[in-house]
Amino acid sequence: MSESAVSRPSTGTISGKSIVLDNVTKQYPGQSSPAVDGVTLEIPAGKIVMLVGPSGCGKTTTLKMINRLIEPTKGRIVLGDEDVTSIGGDELRRRIGYVIQAGGLFPHMTVAANIAIVPKMLGWDKGRIAARVDELLELVSLDPAQYRDRFPKELSGGQQQRVGVARALAADPPVLLMDEPFGAVDPITRQRLQDELLSIQEEVQKTIVIVTHDFDEAVKLGDWIVVFTEGARIVQYDTPERILAEPANAFVENFIGSGAGLKQLTLRRVGEVTLADAVTVHAGEAAASAIEKMERADHNHVVVLDDRERPVQWLSRRQLARLDTLTDVPEDKLPVVGQGATLNDALDTMLVSSAGAALVTGRRDVFLGVITVETVMDAITAARASAAASIGGPVGTNSDAIPTVAPDAPTSAGSSMSQAHDD
Amino acid sequence: MADFLGSRFDQIAFASWQHLSLVVQCLLLATAIAIAVAAVVYRSRPLSSVANTVTAIGLTIPAFALVGLLVAPFGFGVPPALAVVTFFAILPILRNAIVGLTGINQSVVESARGLGMSRSSIFLRVELPLAWPVILGGIRVSAQMVMGIAAIAAYVLGPGLGGFIFSGLSRLGGANSLESVLTGVIGVVVLALLLDLLLVGLGRLTTPRGIRV
Ligand SMILES: Nc1ncnc2c1ncn2[C@@H]1O[C@H](COP(=O)(O)OP(=O)(O)OP(=O)(O)O)[C@@H](O)[C@H]1O
Ligand SMILES: [Mg+2]
């Protein structure tokens, strides 16, 4: 499996288990066509897989069949290397974390009691449960002393959602299922919760399956994205990079919406691209020597650094000519981005500063180089090329292979990943 | 009046105590039965509406008639009184229990299932506590209602304050007849207020802070 496109740093060890849906169908009684039609889906251990698609296409049904909240009509579900299709549903669900919109907390129990539900059922002793509750509250960025004894109604929506995640993780299940977990919070909180989920995932490395309406959320969170259409038919199962660069067909293109290029920019960090170098001088030097350096390097600007190598000014030839010695007075509105910023953020900064470029800083704001619009364009082109070149990945098909993912369709040079693994 | 009360204080106190005891015991029994019935029917819409219809019809049955009819199977004394009072006590509690249990936010129940809780532990640890304030509301209504109904028990020679009312009414105009009726009626009202106060206190103690309004 090519992981080059999935460039998320992984610090912890994978504690997740893989999930396989094998030819799973759900036919609700009294409906003419199945809500989920013969889905075969391989969810790799320790990855985040996003299920997206239009309303009513069967995302929730697919998700709930994994923990058998909805019993499949046909097919098998394999967790790790264990067939869990016929084990007790309650027992299975104790091993799979489940988070719904707004957390689904029990209003009559305190935060601590909510989180302790599964450990209690598993018969942990009191001390161990109390320690685990505090540990989890820390993990989801809530101060245990402050929040442990509160009731859900005494929390904000975002905090309730965090407690929901903590509760789902309580007994350290290998798998976490989330159904539109951030659907009920405002956009700013949603973004914060998404960032938090990513950093939690870095630590815990679970296998996480998330249903979402929001394609941008899928791109941001997913290692892999499944695009469904009516009847949970898989239109494309791919990395976010590749779905953006090579949508399988017009349906996916439509679903991505406009600005696929811009969305790709949110996938790459400034630190991942090659920066242009710049002429640097230090505060206190004579302007004349700065001009000389600049001419030797055939540049039109110099970056003035302070004594701790932090950029303070960015001067053009004309500005330099008017100066005597260089000071370390910080320039107003200096376009600076950190190396952790996305290319999208960098582009924003450039556009605001109207410089067509921005200064990049690393740890402790030390100057690293310059990022330009050209760098960003090159990065998009490179991302497209590498996305197109990477093939292979987990299996995702429906039993009656349908024309939308025909292996010889022009756009699917590398997208017919199902074929790569079909044996 | 004061003479009447003074001379019969022990008798009145004993009857009041018996009255209250009958009502409280019937309420406990009725609560248990109502919750058990609600537990069986609340997940099914048709069964719930059958139960609701039965409670509505049940409330229209004249208590007086029912208690008389029950003499045949139960004989005189405590048993028919207990049966009638419990029957009427069940009705408001059952109604509220069904309302309370079906009114629970389904996402809470779904997340309980998602955590792997069994059906019975969801009922006992999630649904029942959440429906409890509503059920308790039913118990309060029930308590008020059956406090009066329990007075009819005297008709079948059952215990309680009803005896004062019946004996007073049967010789109305005679000595102390009005005092006797008033003693019974006022006793019932005072007991009802007292019990309601107790139930409010019970509500305070048994409703978790998270769902208090
Ligand atoms: N309990 C049910 N009984 C009958 N039909 C159902 C049931 N649940 C879902 N369906 C139907 O199955 C189909 C898939 O529903 P599902 O909830 O999985 O969609 P979804 O992709 O999650 O949609 P949304 O994005 O709106 O949440 C829909 O047509 C829906 O009407
Ligand atoms: Mg859904």
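Right above here is the structure, for reference.
Everything quoted here is computed from the prediction, not taken from an experiment.

Just checking my understanding: could you explain the overall build of chain B for this structure?
Per the secondary structure count, chain B includes ten helices and zero strands. Along the chain direction, N to C, the helices and strands of chain B fall in the order α-α-α-α-α-α-α-α-α-α. Over its C-alpha atoms, taken along the principal directions, chain B stretches across nearly 70 × 40 × 20 Å. Evaluated residue by residue, chain B yields a buried proportion of 47% over its 213 residues.

Before we go on, may I ask you to explain the site of ligand 1 in this structure?
Residues and elements named next belong to chain A. Taken together, Y28, Q31, A35, S55, G56, C57, G58, K59, T60, T61, E180 and H213 make up all the residues around ligand 1. Between ligand 1 and Q31, the relevant distance is 2.7 Å, taken from a nitrogen atom to a side-chain nitrogen or oxygen of the residue. Residues belonging to the shell around ligand 1 are distributed by class as follows: three nonpolar, seven polar and two charged.

For this particular structure, what's the right way to read the interface of chain B and chain A?
How large an interface is tends to be reported as the accessible area lost when its parts come together. Taken together, the contact between chain B and chain A spans 21 residues of the former and 24 residues of the latter. The junction of chain B with chain A conceals about 2,000 Å² of combined surface from both sides, 58% of it contributed by carbon and sulfur atoms. For the pair chain B and chain A, the number of links is two salt bridges. Applying the counting criterion to the chain B and chain A interface returns ten residue pairs in polar contact (both at pLDDT 80 or more). Among the elements that make up the side of chain B that touches chain A, the one with the highest residue count is helix α7 (residues 106-114) of chain B (seven residues). Classifying every residue of the side of chain B that touches chain A gives nine nonpolar, six polar and six charged.

I tried to follow the packing of aromatic side chains on my own but got confused; where do I start?
Two descriptors summarise a pair of aromatic rings, namely the distance from one centre to the other and the angle between the planes of the rings. All names here are of chain A. All chains considered together, the criterion is met by seven aromatic pairs over all chains. When the centroid spacing of 6.0 Å and the interplanar angle of 85° are considered together, the rings of F215 and F255 count as edge-to-face. With F215 in helix α9 (residues 215-221) and F255 in helix α11 (residues 250-256), this pair connects stretches of sequence that are 40 residues apart. On the accessibility criterion, F215 (5% relative accessible area) is buried. The exposure class assigned to F255 is partly exposed, which follows from its relative accessible area of 21%. What links up through ring pairs into an aromatic cluster is the set F215, F251 and F255. Its end group placed over the ring of W124, R128 keeps NZ or CZ at 3.6 Å from the ring centre. A cation over a ring is seen here: R167 above F106, with NZ or CZ 4.7 Å from the ring centre.

Hey, could you run me through the sheet that holds strand β14 (residues 336-338) of chain A in this one?
Strand pairing in a sheet relies on backbone hydrogen bonds. The paired strands run either parallel or antiparallel. All names here are of chain A. Overall, mixed pairing links the three strands, which are arranged β14-β15-β16 in an open sheet. Two strands close off the open sheet at either side, each with one partner strand: β14 and β16 (367-372). In this sheet, neighbouring strand axes are inclined to one another by 35° on average, regardless of whether the strands run parallel or antiparallel. As defined by bridge partners, β14 adjoins strand β15 (residues 357-361) across three bridges and the pair is classed as parallel. Within the sheet, the bridge partner assigned to G338 lies in β15 and is T361.

What am I meant to see in the sheet that holds strand β12 (residues 301-305) of chain A here?
All names here are of chain A. Sheet architecture is open: three strands sit in the order β11-β12-β13, paired in mixed fashion. On the outer flanks of this sheet lie β11 (279-282) and β13 (311-316), each paired with one strand and no other. Between one strand axis and the next, the sheet turns by 30° as a mean value, whatever way the strands run. As judged from the five bridges shared by β12 and β13, these two strands associate in the antiparallel manner. Paired with H301 across the strands is S316, a residue of β13. Against the sheet, helix α13 (residues 287-296) makes contact with β11 and β12, and its axis sits at roughly 165° relative to β11, the strand it touches most.

Would you explain the environment of A286(A) in this entry?
Residues and elements named next belong to chain A. Within the fold, A286 resides in the loop between β11 and α13. For A286, a relative accessible area of 36% translates into the label partly exposed. Separated by 34 residues in the primary sequence, A286 and L320 place their C-alpha atoms 9.8 Å from one another. Ignoring anything within four residues of it in the chain, the contact list for A286 reads D324 and T325.

Conventions used here
Residues numbered from 1 in each chain as written. Chains lettered and ligands numbered in written order. Predicted model: local features only at pLDDT ≥ 70, side-chain atom pairs only at ≥ 80, totals over all residues. Heavy atoms only, no water. Helix = DSSP H or I, 4+ residues; strand = E, 2+ residues; numbered from the N terminus. Buried < 20%, exposed > 50% of the residue type's maximum accessible area, 1.4 Å probe, protein only. Near = heavy atom within 4 Å. Polar contact = N/O pair within 3.5 Å; in protein donor to acceptor, adjacent residues only side chain to side chain. Nonpolar A, V, L, I, M, F, W, Y, C, P; charged D, E, K, R; others polar. Contact = heavy atoms within 4.5 Å. Buried area = accessible area lost by both parts, 1.4 Å probe. Salt bridge = Lys/Arg side-chain N within 4 Å of Asp/Glu carboxyl O. Phe/Tyr/Trp six-rings, centres within 6.5 Å; stacked < 30°, edge-to-face > 60°. Lys NZ or Arg CZ within 6 Å of the ring centre and 35° of its normal. Pairing = 2+ DSSP bridges. Axes fitted to C-alpha atoms, helices over the stretch in contact; angles between N-to-C directions.

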